[in-house]
Amino acid sequence: LMNNDDAKVIVIRSGNEKICSAGADVKEHFPEMATDLITSLARLIKLLINYPKPTICVINGKCLGGGMELFISCDFVIATDDAELAVPEIKLATFPPFAIAILPKLMSLHAAYEIILTGKSINAEEAKRLGIVNYITTKQNLEDTLNKLINDIVSNSQAAVKLAKKAILASLGLPINDAIDIASFIYLSDLIKLEDYTEGLRAFLEKRKPEWKNR
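Rules of the game
- Every chain begins its residue count from 1, and numbering advances along the sequence as written.
- Predicted model: local features are reported for residues with pLDDT of at least 70 only, side-chain atom pairs are reported and counted for 80 or more only, and whole-chain, interface and lining totals are derived from all residues.
- Values shown for side chains rest on all heavy atoms present in the structure; no hydrogens or waters enter the calculation.
- Think of a nonpolar core as a cluster: buried Ala, Val, Leu, Ile, Met, Phe, Trp, Tyr and Cys residues, connected wherever their side-chain atoms sit within 4.5 Å.
- Burial classes follow relative accessibility: with a 1.4 Å probe on protein chains only, a residue under 20% of its type's maximum area counts as buried, one over 50% as exposed, and anything between as partly exposed.
- Where helices and strands are cited, they refer to DSSP runs of H or I of at least four residues and of E of at least two residues respectively, numbered from the N terminus.
- Only heavy atoms matter for contacts: two residues are in contact if any of them lie within 4.5 Å across the pair.
- In summary, the pairing rule links any two rings of Phe, Tyr or Trp, Trp by its six-membered ring, whose centres are within 6.5 Å, and it sorts them by plane angle into stacked for under 30 degrees, edge-to-face for over 60 and tilted for everything else.

Visitor: Break down the nonpolar core for me, citing the residues and quoting the values.
Guide: The biggest cluster of nonpolar side chains holds 33 residues, and the ones touching the most others in it are Ile 59, Met 68, Leu 85, Leu 103, Met 107, Ile 115 and Ile 132. Sorting the residues of this core by element identifies α1 (31–50), β3 (55–59), α2 (65–71), β5 (76–80), α3 (97–106), α4 (109–118) and α5 (124–130) as the ones contributing at least two each. Setting aside chain neighbours within four positions, we find Ile 115 in contact with Val 87, Leu 103, Met 107, Lys 120, Ile 122, Leu 130 and Ile 132. Residues Val 9, Ile 78, Leu 142 and Leu 149 belong to the second largest nonpolar core, which totals nine residues.

Visitor: Give me the lowdown on the packing of aromatic side chains, citing residues and values where you can.
Guide: The tally for this structure, following the rule as stated, stands at one aromatic pair. A ring pair is formed by Tyr 187 and Tyr 197, whose centres lie 5.9 Å apart and whose planes are at 90°; its orientation type is edge-to-face. On the criterion of sequence distance, the pair formed by Tyr 187 in helix α8 (residues 176–189) and Tyr 197 in helix α9 (residues 195–205) is long-range, its members being 10 residues apart. For Tyr 197, a relative accessible area of 24% corresponds to the partly exposed category.

On their own, these measurements won't tell you what the molecule is for.
Here it is, written out as structure tokens:
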């Protein structure tokens, strides 16, 4: 699916209506299996983070451990109002390496310490307040919320969306001056060369709906 050039967004969700993810099997954390577990999950999370098109995840019910780490690596997070998120690994004298890498970029350092070092669970409202979740919805309204978000994304030039995501990832974690430089470079070297770039400006001035060619 991720090699499908026709796909405009990727949606990740659980096939279980009552639980999103219980995380990895505890047995996989033993030393003889840990290398395979961590390297394979690291590969998948990097693939999601660096995927050039927008990614959306749906968290319904409990989302724990490696499951939470995988889902929060998406660009957008929709949670049902009964969602519960936790990385409880510390309670077993392990730690969640991907939450350690991701959470301090989404929230305050103090909040990241609290979630990781206590293994506490947080509900959907707290997750939204901390910056992990974009939207909270009921299970009844989940599909409408998801479809609206998808439509909001795909109504834009997909070429511009792709470059905007590229600029965000390239500037993430850089000192502010370097972030400004790299975002400006992508704008001037790539964005202004798009056919959609000129089309969007002309459509605005001509007070009409743009006709995107996505290039």
